[in-house]
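Take a look at the letters that make up each chain.
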Amino acid sequence: MSDIKLALLGSEGAGKTAVLVRFLTRRFIGEYASSANSLYHKRMSIDGRQLNLEIFDSCSQSSGNTCIQEEPVNWADGFVVVYNISDRTSFLHAKSVLQQIKEAREESSKGLVDIPVFLVGNKQDLCNARQVCEEEGRALAQEERCHFQEVSAAEDYLEISNLFTKLIRHVMDNLKHCAGRRRYSGSKSMAKLINNVFGKRRKSV
Ligand SMILES: Nc1nc2c(ncn2[C@@H]2O[C@H](COP(=O)(O)OP(=O)(O)OP(=O)(O)O)[C@@H](O)[C@H]2O)c(=O)[nH]1
């Protein structure tokens, strides 16, 4: 059984929880009362391999209290960075998060290890209020060497499921590639990035 750890990052209201809940339950729940970071657990099978998935969902309204007991820098094996296509500020925030991940990655691995990242433009159903065009999202993803997909947590299940599957496959390949080496060395900025968003609440779906 492989352990795969993912973290969802993005600005307040971008739809991180909605995207994640869609993936985990196939359902869209309009409102989430959460005001804390959450850790979701799911067992699943991909390509015949059993996986123990842990997904950290950061909450922008959490007090930001920090520190997991284990070394935080080793925590996430992959990231999903979510913005809202009808909110340019959330896109700029996603851009800054991608840059932080990139810096942390460069610092921790000297470019040897790529941490898989998916940039997700959510709320595609609100295209009449669109503030970020799809090409901008794709261009940013190219610049930051990550995957890109626009979705609607409100309307899509398949696309969201496919994007998580793609990310998880990429993480599995990456972990195979890193086997025998230390996954990521101690990077202060990666620790800071995770620490900034990590809380201890746990949820099982
Ligand atoms: N129209 C539309 N609304 C969405 C979609 N995804 C999420 N929402 C709504 O956007 C609001 C915020 O969604 P959340 O999933 O709570 O966003 P979040 O990024 O987890 O927000 P924080 O927990 O505050 O960081 C909620 O009212 C959702 O119903 C979508 O694809 N389309």
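Residues numbered from 1 in each chain as written. Predicted model: local features only at pLDDT ≥ 70, side-chain atom pairs only at ≥ 80, totals over all residues. Heavy atoms only, no water.

### Concerning the pairing of strand β2 (residues 38-46)
Link 1 in the chain: In the sheet, β2 pairs with strand β3 (residues 49-57) via nine bridges, with the strands oriented antiparallel. Counted as the bridge partner of Lys42 is Leu53 from β3.
Link 2 in the chain: Here β2 folds back onto β3, and the loop between the two strands holds two residues, one of which, Asp47, carries a positive phi near 55 degrees. (Pairing = 2+ DSSP bridges. Helix = DSSP H or I, 4+ residues; strand = E, 2+ residues; numbered from the N terminus.)

### Here we look at the confidence of the model for the chain
Low pLDDT marks stretches whose predicted atomic positions should not be read closely.
Link 1 in the chain: Summary statistics for the chain give a mean pLDDT of 82 and a share of 75% for residues scoring 70 or more.
Link 2 in the chain: Mean pLDDT across the secondary structure elements of the chain bottoms out at strand β7 (residues 202-204), with 51, and peaks at strand β6 (residues 147-150), with 98.
Link 3 in the chain: Every residue in residues 63-73 scores below 50 in pLDDT, and together they form 25 contacts with partners more than four places removed in sequence or on other chains.
Link 4 in the chain: The ipTM assigned to the predicted complex is 0.98, against a pTM of 0.85. (pLDDT = per-residue confidence, 0-100. Contact = heavy atoms within 4.5 Å.)

### Some remarks on helix α1 (residues 16-25)
Link 1 in the chain: Extensive coverage of α1 is indicated by the burial of nine of its 10 residues.
Link 2 in the chain: Turning to α1, its buried residues number three or more, namely Lys16, Thr17, Ala18, Val19, Leu20, Val21, Arg22, Phe23 and Leu24.
Link 3 in the chain: As for α1, its buried residues are in contact with β1 (2-10), β2, β3, β4 (78-84), β5 (117-122) and α4 (158-178).
Link 4 in the chain: Arg26 lies just past α1 and shows a positive phi near 70 degrees. (Buried < 20%, exposed > 50% of the residue type's maximum accessible area, 1.4 Å probe, protein only.)

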